[in-house]
Amino acid sequence: MPLGERTNLSAQTMSCTCMELALQGERLCKAGDCRAGVQFFEAAVQAGTDDLKTLSAIYSQLGNAYFYLQDYVKALEYHKHDLNLARTCRDRVGEAKASGNLGNTLKVIGKFDEAIVCCMRHLEISRELEDKVGEARALYNLGNVWHAKGKQMGRTGNQDPGEFPPQVKHCLQKAAQFYQENLSLVKELGDTSAQGRACGNLGNTHYLLGNFSQAIQFHEERLAIAKEFGDKAAERRAYTNLGNAHIFLGEFEIAAEHYKKSLSIAKSLQDRALEAQACYSLGNTYTLLRDYPLAIEYHMRHLQIAQELRDRVGESRAYWSLGNAHSALGNHESALDFANKHLEISKEIGDETGQMTAQMNLTDFRAMLGMMPAVNSDTNSDLDTADVGLKRPERARRFSMENMEIMKLTPDKKEKGRDMGGARPKQKVQKSASIATDMDHTAHATVDREPKKVNGIVEDLDEDGFFDLLSRFQSRRIDDQRCSFRLLESAPATPTRITESDSDLAALVGSPAREELMDMVAGFQVSRMNDQRASLPTFPGLNSGDVINQLLTNSADKEVPDDSFFEMLMRCQASRLEDQRSELPKELPHPTVPDEDFFSLIMKVQSSRLDSQRSHLPTKSQPTTPGKKKKKGT
């Protein structure tokens, strides 16, 4: 924002009341300028007010605006303020709405258990107040949280829809349950738009559960409602989801028709990323139909848009798909070029699975072209990592080399242990070549070695003896870190260590330093306890705390909060511990690759082509009895 506009804004905020600033912020947010709206809401908080309802509305609007701006930390902060204020004022409607907003924010940042507690609180209060609209929203939010939790848990295993572990299926089934309840309620309320959203989510959930026929039914209903309202974005999503479901039913021609309609709508919306996703899905579908020229055409369109949008993940997938399609057509030179580009980008973005796939494809394509280089044992260690992955050394050679590395580790560590403990005894070091070629000789050399003594301890070269020796040396470091107490009168300059001796304990208890010792320990303990204390909620923007105190004093209803509130509070407090946990590596953005990518299904189909090219070991013939000859058939 220019300096002149900032000055005008400051002058305007100084002359406006809290209510006026909040109303201006609300108008800006409704107009779509949430960033400017946040500035007015923050100015309203700084201006302050004694009207608790106005302050609650500002908290809620600020939380929603920050949520829209994807500043989830600030959104969480203001939604918590809104919830605390609603609880203090005993505003049940406000508490329900704040709990729902808090649950949505917690879901987005991945804290699903806390989000479920907040959304359940929203549902319970709405049912208690017989608020059907609020109940429908709570059911929808609960379905979203369970669906997001199951989908995130399912990503770690790379399973296909319907093949998830029981804990993932449990989450998805809970999501379907809440979505179904939401659908029944919005039908009763006559809310067709909400009905369409529920159908779409039910279709997605049944798709992940492997119920593809049910998924198609819900997506067709979603498509009809989207057409009724003229919602092109929802219509495109419905066509895409229908195509995904038909793919797993083996109905590839029907899937291709749905993807083409999705592509047409993406073009009308002028969304290049969505257009690329449709092309990618069509390319994969025609690969499954073995129409490789048409598959190449759509994959080239996807590659062009991915390069335009600088989507490196999308480029990698496009090169992989193009290599397979050209190989199926017999164009192995082109397939080799695409596989090399796939490997290069996979290394760049750190995609280990992509690197392995590219290396396997390179091996197969080079074999088809007769370009397989011979393995040279003298230069094998100097080869590039990619070249090593492309060669297939003999099994016996590779086994011996791996054992050579394992056997070299333990003697080296034992030598370091002997350097710390005393003189190092002489030992015969075998050459790596002899270890690689003769495992029995190495084993005998290890067994026949006589045990040595280090500091009076018999040390054998087995692994247990090494770790026992290591633990003895490490114990000295632990002892050096122990705390010692200083007796001020008897020996003020020399630290005295507390032992288990009764005389030492008696001397310490009878010493005048006892009280000082206890004060020192109490001081340390107090600081630890203070760090764990909970602070009372503060409400920024409230001019005087007397309003809250008067409200609490004059309130006739002084009931103790129920157990569900304390459970929600404890869940939210548990997020402090979760903030210290390490996160899984985040996926790179891939705007041109659809989320529901049937990558593994393509792999399964392609594997049949690779398996048909593998050579089989000759079967062992049945031995014939010596001295007998088979009779010739007459």
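Bear in mind the structure is a predicted one, so any value in this text is a computation, not a measurement.

Asker: It is not clear to me how helix H8 (residues 132-155) should be interpreted in this structure. Could you clarify?
Answerer: With 24 residues, H8 extends 35 Å between its outermost C-alpha atoms, agreeing within 8% with the 34 Å of an ideal straight helix rising 1.5 Å per residue. Its side-chain oxygen placed 3.4 Å from the backbone nitrogen of Val133, Asp131 serves as the N-cap of H8.

Asker: Explain the pattern of salt bridges to me, please; I cannot follow it from the model alone.
Answerer: Pairing of side chains with opposite charge becomes possible as their charged atoms draw close. Under the counting rule described, the total for this entry stands at 14 salt bridges. A salt bridge links Arg87 to Glu95; the shortest N-O distance between them is 2.8 Å. As far as the burial class goes, Arg87 and Glu95 line up, both buried. Several salt bridges share partner residues, and in doing so they unite Arg87, Arg92, Glu95, Arg121 and Glu128 into one network.

Asker: Help me understand the nonpolar core in this model?
Answerer: Soluble globular proteins: nonpolar side chains tend toward being buried together. Within the largest apolar cluster, 30 residues are counted, with the highest numbers of intra-cluster contacts made by Leu102, Leu106, Leu142, Val145, Trp146, Leu183 and Leu202. At the level of secondary structure, the elements contributing two or more residues to this core comprise helix H5 (72-89), helix H6 (92-108), helix H7 (112-128), H8, helix H9 (166-189) and helix H10 (192-208). No other element matches the eight residues that H9 contributes to this core. Not counting residues within four places of it along the chain, the set of residues in contact with Leu183 comprises Gln195, Ala198, Cys199, Leu202 and Phe218. Ranked by size, the runner-up nonpolar core spans 29 residues in total, among them Phe212, Ala238, Ile247 and Leu282.

Asker: Quick question: what am I supposed to make of a nonpolar patch on the surface here?
Answerer: Taken together, the side chains of Met518, Met520 and Val521 present a nonpolar region at the surface, about 250 Å² in accessible area. Along the chain, Val521 turns up in helix H25 (residues 513-531).

Asker: What should I look at first to understand empty space enclosed by the protein in this one?
Answerer: Think of a ball as big as a water molecule: rolled over the atoms, this probe shows where empty space is left. Counted under the stated rule, the structure contains two cavities of 30 Å³ or more. Empty space within the second largest cavity amounts to approximately 50 Å³. Residue lining of the second largest cavity: Arg236, Thr240, Tyr259, Ser262, Leu274, Gln277, Ala278 and Ser281, and that is the complete set. Elements supplying a minimum of two residues to the lining of the second largest cavity: helix H12 (232-248), helix H13 (252-268) and helix H14 (272-288). No other element matches H14, which puts four residues into the lining of the second largest cavity. Here the lining of the second largest cavity is composed, by residue class, of three nonpolar, four polar and one charged.

Asker: Teacher, can you tell me more about helix H18 (residues 352-368) here?
Answerer: Because each turn of an α-helix spans 3.6 residues, side chains separated by three or four positions end up pointing in the same direction. Here H18 is 17 residues long and its end C-alpha atoms lie 24 Å apart, about the 24 Å a rise of 1.5 Å per residue gives. If you check which residues of H18 are buried, you get Gly354, Thr357, Ala358, Gln359, Asn361, Leu362, Thr363, Asp364, Phe365 and Arg366. Near the N-terminus of H18, the side chain that reaches the backbone nitrogen of Thr353, with its oxygen 3.4 Å away, is that of Asp351. Among the residues trailing H18, Gly370 stands out with phi positive, at a value near 70°.

Asker: Just checking my understanding: could you explain the environment of Thr287 for this structure?
Answerer: Residue position: Thr287 is located in helix H14. Distance in space between the C-alpha atoms of Thr287 and Ala328 is 9.5 Å, their sequence separation being 41 residues. Only 2.8 Å separates the side chain of Thr287 from the backbone oxygen of Gly283, close enough to count as a polar contact.

Asker: Quick question: what am I supposed to make of the packing of helix H2 (residues 18-30) against helix H4 (residues 52-68) here?
Answerer: In helix packing, the relevant descriptors are the interaxial angle and the interaxial distance, both defined with respect to the helix axes. Interhelical geometry of H2 versus H4 gives an angle of 30° and a closest axis separation of 11 Å. Taken as axis vectors, H2 and H4 run roughly parallel relative to one another. Considering the relative orientation of H2 and H4, their crossing is left-handed. Of the residues in H4, those touching H2 at Cys18, Met19, Ala22, Glu26 and Cys29 are Thr54, Ile58, Gln61 and Ala65. Its residues assigned to classes, the contact of H2 with H4 shows six nonpolar, two polar and one charged.

Asker: Where do I start with the packing of helix H16 (residues 312-328) against helix H17 (residues 332-349) in this structure?
Answerer: One way to put it is that H16 packs onto H17 with a least axis distance of 8 Å and a crossing angle of 155°. As summarised for this structure, H16 and H17 are arranged roughly antiparallel, according to the angle between their axes. The crossing of H16 and H17 is left-handed. Where H16 abuts H17, its residues Arg312, Val313, Glu315, Ser316, Tyr319, Trp320, Leu322, Gly323, His326 and Ser327 lie against His332, Ser334, Ala335, Phe338, Lys341, His342, Ile345, Ser346, Glu348 and Ile349. In terms of residue class, the contact of H16 with H17 is made up of eight nonpolar, eight polar and four charged.

Asker: How should the confidence of the model for the chain be read in this particular structure?
Answerer: The predicted coordinates should not be examined in detail at positions where pLDDT is low. A residue-level look at the chain finds 59% of positions with pLDDT of 70 or above and a mean pLDDT of 74. Low confidence marks residues 487-501, where pLDDT is under 50. Its contacts with residues over four positions away, or in another chain, come to 25 contacts. Counting contacts from residues 574-584, a segment whose pLDDT is below 50, to residues more than four positions away or on other chains yields seven contacts.

Asker: Just to check I follow, could you spell out unusual backbone geometry for this structure?
Answerer: The phi angle of most residues is negative, glycine excepted, and most peptide bonds adopt the trans form. Positive phi, normally seen in glycine, also occurs at Glu130, with a value near 55°. With respect to the helices and strands, Glu130 occurs in the loop between H7 and H8. Unlike most non-glycine residues, Gln270 shows phi in positive territory, near 55°. By secondary structure assignment, the location of Gln270 is in the loop between H13 and H14.

Asker: Is there a simple way to think about the packing of aromatic side chains in this case?
Answerer: The description of an aromatic ring pair uses the distance of the two centres, along with the angle that the planes make with each other. What the rule picks out here adds up to nine aromatic pairs. Judged by centre distance (5.8 Å) and plane angle (65°), the rings of Tyr207 and Phe212 are edge-to-face. Taking the relative accessible area as the measure of exposure, Tyr207 reaches 6% and is therefore buried. We classify Phe212 as buried; its relative accessible area is 11%.

Asker: What am I meant to see in the environment of Ile254 here?
Answerer: Here Ile254 shows up in helix H13. Residues Ile254 and Gly243, 11 residues apart in the sequence, show an inter-C-alpha distance of 7.2 Å.

Parameters and conventions
- Residues numbered from 1 in each chain as written.
- Predicted model: local features only at pLDDT ≥ 70, side-chain atom pairs only at ≥ 80, totals over all residues.
- Heavy atoms only, no water.
- Helix = DSSP H or I, 4+ residues; strand = E, 2+ residues; numbered from the N terminus.
- Expected span 1.5 Å × (residues − 1).
- Polar contact = N/O pair within 3.5 Å; in protein donor to acceptor, adjacent residues only side chain to side chain.
- Salt bridge = Lys/Arg side-chain N within 4 Å of Asp/Glu carboxyl O.
- Buried < 20%, exposed > 50% of the residue type's maximum accessible area, 1.4 Å probe, protein only.
- Core = buried A, V, L, I, M, F, W, Y, C linked by side-chain atoms within 4.5 Å.
- Contact = heavy atoms within 4.5 Å.
- Patch = residues over 30% accessible without salt bridge, like charges linked within 9 Å, V, L, I, M, F, W, Y side chains within 5 Å.
- Areas by Shrake-Rupley, 256 points an atom, 1.4 Å probe, with all protein chains shown as cover.
- 1 Å grid on protein atoms, 1.4 Å probe; cavity = no way out; pocket = protein on both sides within 12 Å on 5 of 7 lines; lining within 4 Å.
- Points joined across faces, edges and corners; volume = space filled by probe spheres on them.
- Nonpolar A, V, L, I, M, F, W, Y, C, P; charged D, E, K, R; others polar.
- Axes fitted to C-alpha atoms, helices over the stretch in contact; angles between N-to-C directions.
- Parallel < 35°, antiparallel > 145°, perpendicular 65-115°, else oblique.
- Left-handed = near helix turned anticlockwise from the far one by under 90°.
- pLDDT = per-residue confidence, 0-100.
- Phe/Tyr/Trp six-rings, centres within 6.5 Å; stacked < 30°, edge-to-face > 60°.

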